[in-house]
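Summary of structural features
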Amino acid sequence: MKIQYHIALLALTISCGHVPKTEKEPEIDTQGAVEIIETTLDTSAKSVPLDFAEVIANIQTKKLPHIEDTNFDSFIDKDDYDKIDVKALKLDQIYPDFNTEGYNYRVIARYKVPVSNNFHTLVTTVLKGDHEMETIIINYDTEGNIIDHKQVAFDEIAESMSRTVSRISENKLVVNKIFWGNIREVEKIEYEIRSDGTIKKTDAIRLNDSFENFTLINSVLMDLKLDWVQTKTDLITTLEHPDNPNESIVVIPEVVDEGEQYFDLNSHIVIADNRSGKITHNYFESSQTNNWVSDAIELNKIQINATPFKIAENKMAFGLNVSHFGHSRVNPYTNKTLSLFVKSGDSLLKVLADYPVESNGGEWNGDCEGEFVEERKTLVESTEKTNGYFDLRVTKEITYSESTKDKNGDCVSTDRSETKTAMLKFNGTTYTETEIDAVLFSEFHPQKLEGLQLGNFDVNHAFELDNFKYVSGNYQPEDGQIASPDTETDWGDRLLMLDESNKIVYQSKGIGDAYLFEPHFYKSDASNKIIIICQMAFEYPFGGEAFILEKGTIKHLGTLDIEGDGEKYLTEIITIIEWNDSIEFTFKSDKLVLGPGSENVTVANDNVRYMYRNNELILKTKGR
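One structure accompanies this document, and this report is about it.

Thresholds, definitions, all that
Residues numbered from 1 in each chain as written. Predicted model: local features only at pLDDT ≥ 70, side-chain atom pairs only at ≥ 80, totals over all residues. Heavy atoms only, no water. Phe/Tyr/Trp six-rings, centres within 6.5 Å; stacked < 30°, edge-to-face > 60°. Helix = DSSP H or I, 4+ residues; strand = E, 2+ residues; numbered from the N terminus. Buried < 20%, exposed > 50% of the residue type's maximum accessible area, 1.4 Å probe, protein only. Disulfide = S-S within 2.5 Å. Pairing = 2+ DSSP bridges. Axes fitted to C-alpha atoms, helices over the stretch in contact; angles between N-to-C directions.

Take the packing of aromatic side chains next. A full pass over the atoms with the stated rule returns 20 aromatic pairs. On the numbers, 5.2 Å between centres and 65° between planes, the contact of Tyr 283 with Phe 341 is edge-to-face. Taken as a pair, Tyr 283 in strand β13 (residues 279-285) and Phe 341 in strand β18 (residues 333-344) lie far apart in primary sequence, 58 residues in all. On the accessibility criterion, Tyr 283 (13% relative accessible area) is buried. An aromatic cluster is present here, built from Tyr 95, Phe 98, Tyr 103 and Tyr 105 joined pairwise through their rings.

See the structure below:
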């Protein structure tokens, strides 16, 4: 009998054109598995029928979330099956042909999952003939009536081209339907398990169409011995390694716990070879320490930084940002952290852990009155080292906002900003923050002078400060021609410094005919220096000329040939800091225009700054 059965099975397999599953787990002796299942069920003792309450009470319960991937590999021993009371579980309602001759349905396993106290949830595996195995999730009411059901696992051994696996959570079901053709295809279907026991489809996407790097991610998952269904796919991210185009950084969030409005994730951060898909460097961190937790504060984005950090002469670190978002209307909250990773052998080291770089929070009454604090941090590599790694200087831009109602009932908002600095130093294991001695400059407004007359000089702006006058304008031409003291190479708008008798004690070089050449003044209580920036513009802004005033002497620093990509002028977005014998100019704008009015190159503001040191003003960008 068995010999004839296996000959028939072999003939059927050949006639159907057996196509092996690529990328699938190694094939087992399915012939033997079917024989064991068949033999055991044929010889099992007939049990006395039980009612639903008795059956459900004696079934094993598995914890959630649970990965359901039952297949023919799961049943290769005689003890791998359960005795199932088909009648009590009403399985003939799901399979109308269950008892019809020739269909050969056999129930071989079942367990419970604690989805809800309002109904019972059972997961049951059914052998459909000799070549298909299906696992279904069934919700029963307290009387044992079926509310709803869905397939959660499937395997077949005729053509070996498809499988289904699932992740079961307390209110959610994620089903992955896998098909092996020329490439692996995965359709992800999401269901909501509702409080009344019904199971409703909420979303469906084809993962191989949704991810540009699907094949690479699939290879990485195989190396990690993970399946797509074990991951939070909407948070998977990849990026070509900024320091090596032959490699990619791949971030895999593995679901550890999941429920209504919350989830916990393990971190798998790897570098993989773009051609082979093999992992070359690996980093793992559990949900217990990585802060990849989402609850009332939602983890809504994981993003790889496109620009590396140069932390040593021959060592680059890449960054990973993790963002959280609070949904409270009266207590709004957002937060973004930065972690830095470097290669070490075949591993990755986390040298900066979850450093907060953006935050915004506060409290208000839902109408008008409230207080908010926003903080943004910018990291810049220093030239100083600690334990072999460059220090990272941190500029903190903090904005305090307060909203109140005036006497007319109108909502009025006031803002106050301040800038702080800190330094991240490497302690041999990780970067830690320390305070630094830095001087921060803030804009102030000297006394403005009106009606100042100065010979043949056309005064556009005039200010008085400490018995000196600071005037911008241009020498008037004679009969439309350049006149002394202008020359062919030195004419147009310029900055003058006058003493008490209006004698010129300093004049800058002319910048030509400009629509605007307006001085802006910046000082710090911790310094006796004053920085002057003359904003330049035609019908558009095109940077500023920078000067330093100290002990009654003025000196030209150079041209800040840069503007923000927007409506604000340079002098509205600039931050000035003096530290470590340098004066640094940074900019509060997401994008910047280099060479405005000439080159007009728009760049992302990734630590772009001007640095004045050793009598030289130099433009610095990331990695330079």
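With the rule as written, the count across this model stands at 1 disulfide. Covalently, Cys 368 is tied to Cys 411 through a disulfide, its sulfur atoms 2.1 Å apart. An S-S torsion of about 90° defines the bridge between Cys 368 and Cys 411 as right-handed. Here Cys 368 is found in the loop between β19 (347-364) and β20 (370-386), whereas its partner Cys 411 is found in strand β22 (residues 411-426), with 43 residues between them in sequence. On the basis of relative accessible area, Cys 368 is assigned to the buried category, the value being 3%.

The strand order across the open sheet built from 5 strands is β25-β26-β27-β28-β29, with neighbouring strands paired in antiparallel fashion. At either end of the open sheet lies a strand with only one pairing partner, and these are β25 (447-448) and β29 (504-507). In the sheet, strand β27 (residues 468-475) pairs with strand β28 (residues 494-498) via 5 bridges, with the strands oriented antiparallel. Of the residues in β28, the one forming a bridge with Ser 472 is Leu 495.

Right, let's talk about the sheet that holds strand β34 (residues 562-564) for a bit. Ordered by their spatial adjacency, 3 strands build an open sheet running β34-β37-β38, and the pairing between neighbours is antiparallel. Only two strands of the sheet have a single partner each, and these edge strands are β34 and β38 (601-604). Neighbour to neighbour, the strand axes of the sheet diverge by 30° on average, direction disregarded. In this structure, β34 lies alongside strand β37 (residues 591-594), joined through 3 bridges in antiparallel fashion. Its bridge partner lying in β37, Gly 564 is registered against Leu 592.

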